[in-house]
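# Examination of the molecular architecture
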There are 2 protein chains.
Amino acid sequence: MSLTSLTKTEDLTGQKIIISGGGIGGASGALALALRGADVTLYERAPEFKEVGAGLQIGPHGVKMLEKWGLKEKAVASGYLPDNMQFRDAITRETILTMDFGEQFREHYGAPYLVIHRSDLLNLLVEAAREAGATLHNGIQVEGADTREDGVTVHLRHRGDDSTEDLEADLLVAFDGIHSVFRKELCQDEPVPSAYVAYRGTSVLPEDPDMKGLNSVIGYIGPRCHFIQYPLRGGELLNQVAVFQSPRYLDSLINGTEVPEDWGNNDEFKGAFDHTNEFIQGRLGSMWLDTWWQMSDREPLPDWVVSDRVIVMGDAAHPPLQYIASGAVMAMEDSECLALYASEAAAGGEVNWGEVLREVSDERAPRTSRIQQTSRFWGELWHVDGLSRLIRNETFRNAEKSGWYRYADWLWDYDAARREYLRDPARGKLPEALQEWEYNLHHIARERENLKGQQVTV
Amino acid sequence: MSLTSLTKTEDLTGQKIIISGGGIGGASGALALALRGADVTLYERAPEFKEVGAGLQIGPHGVKMLEKWGLKEKAVASGYLPDNMQFRDAITRETILTMDFGEQFREHYGAPYLVIHRSDLLNLLVEAAREAGATLHNGIQVEGADTREDGVTVHLRHRGDDSTEDLEADLLVAFDGIHSVFRKELCQDEPVPSAYVAYRGTSVLPEDPDMKGLNSVIGYIGPRCHFIQYPLRGGELLNQVAVFQSPRYLDSLINGTEVPEDWGNNDEFKGAFDHTNEFIQGRLGSMWLDTWWQMSDREPLPDWVVSDRVIVMGDAAHPPLQYIASGAVMAMEDSECLALYASEAAAGGEVNWGEVLREVSDERAPRTSRIQQTSRFWGELWHVDGLSRLIRNETFRNAEKSGWYRYADWLWDYDAARREYLRDPARGKLPEALQEWEYNLHHIARERENLKGQQVTV
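### Focus: the packing of aromatic side chains
Counting across every chain of the model gives 58 aromatic pairs over all chains. Put simply, the rings of Phe101(A), Phe105(A), Tyr109(A), Tyr113(A), Trp404(A), Tyr405(A) and Trp412(A) touch in pairs and so form one group of aromatic residues. Looking at Arg200(A), its charged tip hangs above the ring of Trp293(A), at a distance of 4.6 Å from the centre. Above the plane of the ring of Trp410(B) lies Arg370(B), whose end atom (NZ or CZ) is 4.1 Å from the centre.

Dropping the structure here:
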């Protein structure tokens, strides 16, 4: 399968669309909709378009979106196409699974596997959205919206002078992130901290004697921690991520005491990899210590439709844990799905936005639910200890022998045009073999309820 | 590979050998040695030759011994050759691994997989040993032995009139079981209870509406328990075994309190399978309730040579947990190994028993050590819960896809004549991927030492 890039169409000409949030999700939404001729304006409250973090992994499901939007060549040029992904045991350093990203992979999934700096991707999307005719503003926050029969009134606040403004539009797309204002209208939930924290760092790859020539994504997975390495920017930059479970966070959760705000801090980082291979320990010196990322997700949201004229998307709808590298890609899929379904609806005459949003939500919510659930599962699988770790390693070795595509097809071989989740929402469930699996943090919370007040002497 | 049965030889003519213990091990030892022309007398303290329990699984490594001793046809006639072994998840009842025992299996391992009633196998061995010229006595216990330069004086006690008797012999082989008198001269260890207890039961298979026609060994494996079913006696008898972890035993171990003598009793049995599939629960009514088997093994014993004229073998040397069905087979392998090496030594003239025993011990101790360790591991793998169970299930599914022979070759493709463990004692270790594994009961004991006296509030 090979995609051809869209040339700009006029399908949505005359539709005024406002996007809240200028991250990868919002920018991709602006691009996908502008490419269909919509009149798109994006508002980002931050003073500049900026992504936190460094490297980003984009599976073929995301590369296909970039290709469709005409950005594949540029993304590849500023990113890196790794030869493979290697999972290694963080204690023994043994490679337990190599996922080859060569010819056969590209043919099977219709696209390569890409790693790219988050800022580089965001810049590409912002630039392309502008070229496609979208208008993107910084320093302006979308605070709310009132839906009317024939449109939506969007309330803005200019962060410079704190002035407010109301705008009329046909549609508001809320890509306003994990702390979304608009999600609140659908659901009163809070982010779910994972107890895991990430340290990141980049360095000059060709000057690194141990790592130069690296052309893989390497993931060392071990008890309660993992460590990722891959090249960025054509091999000029080395991206490293060190992730571990915060003992202080976990203690608070188990004992029901107050969670320390700085869980995962430098003191915890210091000892967090002592049980791993010396090689990994030797690499930690180059991680940034001034910031660490406390990783959270949210429970899946089954319905994204705030009103006939407002929908939440991206992290506002489905913030995931990062383990299957699909946060940014899901947002890109959301964007393309919305633009596609709206274009198709427009071909029939007037766009009924209520119907389009319903269709998009019904296709996307099951898929992103499965991705969120699988991310949690995948993280737990990486972090097991003892006997479980030995079984996990053997499962990985076997997956290489018997072919691992069957585990990845559902994720990487996706096309919103097929409407597979719409037709069969059960695709959004974890596979049969994982139906009984319970997220460890849910388990701990449940155990805590059961044991409350009991004393155990050992 | 196909074996031809031994015809009786004269290799050990004139060698007077006493065997202590008339279980499957002792009887097989009497047979193997008598078949080489030795003058064998066996003493069993019990008033009759009798095996406790019911069904016994004999892998191809054991069937090859029976074939060598001319017993294969009879054993197959009184036992059953299952088509396959099916591992099923005890909660969902899903078949996660089918090990086919057909043509290809028999060719690969040189023998079929046999299940047989323990009493039937013992009877066959006792009868064959007698036919080969061995003398087998009941009601007489071997209490000790004194080794001289040119032989061994064996001390007997007649259990009827409590009289004692001393006999001279060239060799004493102590197949005196898990509570061996002679092992004490090598090692002061105690049996290691596994916390698991077995209930057994047999019933008439053709009259059982749910099970008639069963031609497999079925093992339901689940959290802290398992349940085994297979036919015996040509399909006339259904053999069932229900095994579970005793909460009372485990509590005692964790808390350091006194172990109740009747751990695993009927009260514990009652609730032990409540978390498993209804089908299994429905089968438990036919288990015998008047006896239960508290399952123990011992740590591997690296040296079996009590003196130049005395060796321990069978359960006296290596009592295993039952999980890889090799307890009886190891004893048969011991017997054939001793008879073979002694015959080969005799071909060079006078038998130097000290040298023969050393060679036998150096070949057999590493092999049986690996079997004992693997049995512990295999049991833990069956009994895992939560995420580990789901990974285990996938490992089993994958093993079927990618071929499981590689996991079993070391166990089932063995021939003492190859002297593989003598040449490379490292074969006695668990494979690389399991080097770090720690037996859970060791882990608990170690944790207990670490946490002694601490109080944990949850």
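### Notes on unusual backbone geometry
Residue and element names in this part refer to chain B. Of note in this structure, Arg224 is not a glycine but carries a positive phi near 60 degrees. Among the secondary structure elements, Arg224 is positioned in the loop between β13 (216-222) and β14 (225-232). Arg224 gets classed as partly exposed once you look at its relative accessible area, which sits at 35%. Although it is not a glycine, Ala325 adopts a positive phi angle of roughly 50 degrees. Here Ala325 is to be found in the loop between β18 (310-312) and α9 (327-347).

### A short note on helix α10 (residues 353-383) of chain B
All names here are of chain B. In a regular helix each residue adds 1.5 Å, so 31 residues correspond to 45 Å; α10 covers 44 Å between its end C-alpha atoms and thus fits that length. By the criterion of burial, α10 is predominantly enclosed, with 26 of the 31 residues buried. At the N-terminal boundary of α10, the capping side chain belongs to Asn352, with an oxygen 3.2 Å from the backbone nitrogen of Gly354.

### Let's talk about the sheet that holds strand β10 (residues 164-169) of chain B
Residues and elements named next belong to chain B. One open sheet accounts for 3 strands, arranged β8-β9-β10; its pairing is antiparallel. The open sheet has two edge strands, β8 (140-148) and β10, and neither has a second partner. Neighbouring strand axes in the sheet, compared pairwise and without regard to direction, differ in orientation by 25 degrees on average. With 8 bridges connecting them, β8 and strand β9 (residues 151-158) associate as antiparallel partners. Considered in β9, the bridge of Arg148 is made with Gly151.

### As for the sheet that holds strand β9 (residues 151-158) of chain A
All names here are of chain A. Spatially, 3 strands are ordered β8-β9-β10 in an open sheet, and the strand pairing comes out antiparallel. Single-partner strands in this sheet number two, and they are β8 (140-148) and β10 (164-169). Mean inter-strand twist for the sheet, computed between neighbouring axes without regard to direction, equals 25 degrees.

### Quick notes on the environment of Ala399(B)
Checked against the element boundaries, Ala399(B) lands in helix α11 (residues 386-402). Those residues in contact with Ala399(B) that sit more than four places away from it in its chain are Asn398(A), Leu97(B), Trp404(B) and Tyr407(B).

### Thoughts on the confidence of the model for chain A
On average, residues of chain A score 94 in pLDDT, and 97% of them reach the 70 mark or higher. Interface confidence for the predicted complex, given as ipTM, is 0.80, next to a pTM of 0.88.

### Some points on helix α12 (residues 405-412) of chain B
For α12(B), the full list of buried residues reads Tyr405(B), Ala408(B), Trp410(B), Leu411(B) and Trp412(B). Along its buried surface, α12(B) packs onto α2 (60-68), β5 (95-100), α4 (103-109), α10 and α13 (420-423) of chain B.

### Here we look at the side chain of Asn84(B)
Residues and elements named next belong to chain B. Structurally, Asn84 is set in strand β4 (residues 84-89). A polar side-chain atom of Asn84 sits 2.8 Å from a polar atom in the side chain of Ser216. What Asn84 contacts, discounting residues up to four positions off in sequence, is Thr98, Met99, Asp100, Phe101, Asn215, Ser216 and Val217.

The rules behind these values
- Residues numbered from 1 in each chain as written.
- Chains lettered and ligands numbered in written order.
- Predicted model: local features only at pLDDT ≥ 70, side-chain atom pairs only at ≥ 80, totals over all residues.
- Heavy atoms only, no water.
- Phe/Tyr/Trp six-rings, centres within 6.5 Å; stacked < 30°, edge-to-face > 60°.
- Lys NZ or Arg CZ within 6 Å of the ring centre and 35° of its normal.
- Helix = DSSP H or I, 4+ residues; strand = E, 2+ residues; numbered from the N terminus.
- Buried < 20%, exposed > 50% of the residue type's maximum accessible area, 1.4 Å probe, protein only.
- Expected span 1.5 Å × (residues − 1).
- Polar contact = N/O pair within 3.5 Å; in protein donor to acceptor, adjacent residues only side chain to side chain.
- Pairing = 2+ DSSP bridges.
- Axes fitted to C-alpha atoms, helices over the stretch in contact; angles between N-to-C directions.
- Contact = heavy atoms within 4.5 Å.
- pLDDT = per-residue confidence, 0-100.

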